[in-house]
Amino acid sequence: RRWLRDPPRPPPPAAVNPSGKGYTPLEQQVVDLKARHPDVLLMVEVGYRFRFFGEDAAVAASVLGIIAHPDHSFLTASIPTFRLGFHVRRLVAAGHKVGVVRQTETAAIKAAHGGGAAGTPFARGLSAVYTRATIAAAAGELAGGGAPAEGSRYLVCVVD
């Protein structure tokens, strides 16, 4: 019965960036992904590039020697998709946990399902997380192939 006496709560405020303006749909996706994976350096697939946003862009720029620049609400940096394996290995070697966020729909799929609202971003999701412990097992994946390299069929687990 107590809930009958409590005044109704206002709806949560719309997500806004530090300047007080609203986020773009892509930026809102990045904010949501980063909230779910705060300890991971996220590489977000946007077309034919992987983009880093905010603090992740600053870290990537310093480790990879690439340019980070302000774009809308965030600092951003990017690499071409075909260089994913090279840059993931460099980030992991520098001690970072790297998450690869891939587009899970294409323009053709989006059009086939009604096209969605104008300006809505492609669906994206975390598809892989790489650390020092997993990078060797993912060598084939990062090189573009789906199968692991010959001779890497063993998994070791030590439990104390």
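Report follows, based on the coordinates. (Residues numbered from 1 in each chain as written. Predicted model: local features only at pLDDT ≥ 70, side-chain atom pairs only at ≥ 80, totals over all residues. Heavy atoms only, no water.)

**With respect to the pattern of salt bridges**
- A complete count under the given rule lists four salt bridges for this structure.
- A salt bridge links D56 to K34, with the shortest nitrogen-to-oxygen separation between them at 3.0 Å. Placement of the pair is D56 in helix 3 (residues 55-64) and K34 in helix 2 (residues 25-36), with a sequence separation of 22 residues.
- For D56, a relative accessible area of 9% gives the class buried.
- Among the ionic pairs, D71 bridges to R51, the shortest N-O distance being 2.9 Å. Placement of D71 in strand 3 (residues 69-71) and of R51 in strand 2 (residues 49-53) is noted, with a sequence separation of 20 residues between them. (Salt bridge = Lys/Arg side-chain N within 4 Å of Asp/Glu carboxyl O. Helix = DSSP H or I, 4+ residues; strand = E, 2+ residues; numbered from the N terminus. Buried < 20%, exposed > 50% of the residue type's maximum accessible area, 1.4 Å probe, protein only.)

**Comments concerning the side chain of R51**
- We classify R51 as buried; its relative accessible area is 17%.
- In this structure the side chain of R51 is engaged in a polar contact, spanning 3.2 Å, whose partner is the side chain of T76. (Polar contact = N/O pair within 3.5 Å; in protein donor to acceptor, adjacent residues only side chain to side chain.)

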